[in-house]
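The lines below spell out each chain.
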Amino acid sequence: MNQLELLLRIAIGFVVLFSMARWAGRKEISQMTFFNLVSAIAFGSIAAALVVNPSVSILNGIIALLGWAAFTVLTDQIHIKSKKARKLLMGDPVIVIKKGEIMEDALRQARLDTDSLKAMLREKSIFSLSDVDYAIFETDGKLSVMKKEGKQTVTKSDMNIAMPSGNFVPLSTELVSDGRVNVQNLNKMNKDRTWLDEQLQQSGVQSLDDVFYAEVQPDGNLYIDKRNDFLH
């Protein structure tokens, strides 16, 4: 492939890719579904092959780009017009917190762990799971949250509040996650497993095996989310 042919391929690839991108529609990156993202990557790969791979003829490259764009637009149209197809292609939103309780099966279905869930809540300026009434993991990967009544956005004055014992807790401190004790956080609070067991028993929980998640809140209270099988 000589330099003139390379320049021609670059020009054709750019024009076709730009035209197909405009034809196929546009979305902000934050609004792209997994399918949109994969389709865009494949689109770019086909254009790259057209430009640098001499075994791919210019005509075949253009046909491949046009064909991929056509299938992408067709899929988007089906997605828009058919609710059944939309459910098949996108799935359904998943309720991961319901009435203040973490839905463990839903977390597994959404392939989320408690650390990821808390990180997504922090993006919503929510620093304690106890503030959440409902949380829904949307099909685009975002988290929609409804707070419990009376819960307000955390302020700087909430950042360090003394516990009755004299310890300070920066926001909420995780003690149990996915049924496992966070020993490091216990040590930072100068507490041990015995203290945790006593706190759980005072809250009506007889065994750590019954706990899915627990955290100390800034006011020193212990928030406990029990395992679903324990609840039912």
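In the block above lies the structure referred to throughout.
Bear in mind the structure is a predicted one, so any value in this text is a computation, not a measurement.

## A short note on the sheet that holds strand β9 (residues 211–216)
Then comes step 1: Spatially, the four strands line up as an open sheet ordered β8-β7-β9-β10, and their pairing is antiparallel. Edge positions in the open sheet fall to β8 (180–181) and β10 (222–226), since each of these has one partner strand only.
Then comes step 2: Where β9 meets β10, five bridges bridge the pair, whose relative direction is antiparallel. Looking at the pairing, V216 lines up with L222 of β10.

## Some words on the pairing of strand β4 (residues 143–147)
Then comes step 1: As defined by bridge partners, strand β3 (residues 132–137) adjoins β4 across five bridges and the pair is classed as antiparallel. Within β4, the position partnered with V132 by the bridge is K147.

## Focus on the packing of helix α3 (residues 58–81) against helix α4 (residues 83–90)
Then comes step 1: In the contact formed by α3 and α4, the axes pass within 6 Å of each other and the chain directions differ by 120 degrees. It follows from the interaxial angle that α3 and α4 lie oblique. Only K83, A85, R86, L89 and M90 of α4 make contact with α3, whose side of the interface consists of T75, I78, H79, I80 and K81.
Then comes step 2: Of the residues in the contact of α3 with α4, the class split is five nonpolar, two polar and three charged.

## Here's the deal with the pattern of salt bridges
Then comes step 1: Enumeration according to the criterion identifies six salt bridges in this entry.
Then comes step 2: Between E104 and R227 there is a salt bridge whose closest N-O contact spans 4.0 Å. On the criterion of sequence distance, the pair formed by E104 in helix α5 (residues 104–109) and R227 in the loop between β10 and α9 (228–231) is long-range, its members being 123 residues apart.
Then comes step 3: Accessibility expressed as a relative area gives 7% for E104, which makes it buried.
Then comes step 4: For the salt bridge of K118 with E174, the shortest nitrogen-to-oxygen distance reads 2.3 Å. A residue pair is termed long-range when its members are at least 10 positions apart, and K118 in helix α6 (residues 114–122) and E174 in strand β7 (residues 173–177) qualify at 56 residues.
Then comes step 5: A residue is classified by how much of its surface remains accessible, and E174, at 11% relative accessible area, is buried.

## What about the pairing of β3?
Then comes step 1: Pairing analysis gives four bridges linking strand β1 (residues 94–98) to β3, with the strands arranged antiparallel. Paired with I97 across the two strands is A135, which belongs to β3.
Then comes step 2: The antiparallel pairing of β3 with β4 creates a hairpin that spans five residues between the two strands, and G141 there sits at a positive phi of about 90 degrees.

## With respect to the sheet that holds strand β2 (residues 101–102)
Then comes step 1: Read across the sheet, four strands follow the order β2-β1-β3-β4 without closing on themselves; strand pairing throughout is antiparallel. For this open sheet the edge positions go to β2 and β4, each flanked by a neighbour on one side alone.
Then comes step 2: This element, α6, spans β1, β3 and β4 of the sheet and lies at about 70 degrees to β4.

## Regarding the nonpolar core
Then comes step 1: If you look at the biggest cluster of nonpolar residues, it comprises 20 residues, and the most contacted ones within it are V96, I97, L117, L129, F137 and L143.
Then comes step 2: The residues contacting V96, other than those within four sequence positions of it, are E101, I102, M103, A106, L107, L117, A135, F137 and L143.
Then comes step 3: Within the second largest apolar cluster, 13 residues are counted, among which are V176, M189, V216 and I224.

## With respect to the environment of D219
Then comes step 1: Mapped onto the fold, D219 is located in the loop between β9 and β10.
Then comes step 2: Using a relative accessible area of 43% as the deciding quantity, one classes D219 as partly exposed.

Rules used throughout
Residues numbered from 1 in each chain as written. Predicted model: local features only at pLDDT ≥ 70, side-chain atom pairs only at ≥ 80, totals over all residues. Heavy atoms only, no water. Pairing = 2+ DSSP bridges. Helix = DSSP H or I, 4+ residues; strand = E, 2+ residues; numbered from the N terminus. Axes fitted to C-alpha atoms, helices over the stretch in contact; angles between N-to-C directions. Parallel < 35°, antiparallel > 145°, perpendicular 65-115°, else oblique. Contact = heavy atoms within 4.5 Å. Nonpolar A, V, L, I, M, F, W, Y, C, P; charged D, E, K, R; others polar. Salt bridge = Lys/Arg side-chain N within 4 Å of Asp/Glu carboxyl O. Buried < 20%, exposed > 50% of the residue type's maximum accessible area, 1.4 Å probe, protein only. Core = buried A, V, L, I, M, F, W, Y, C linked by side-chain atoms within 4.5 Å.

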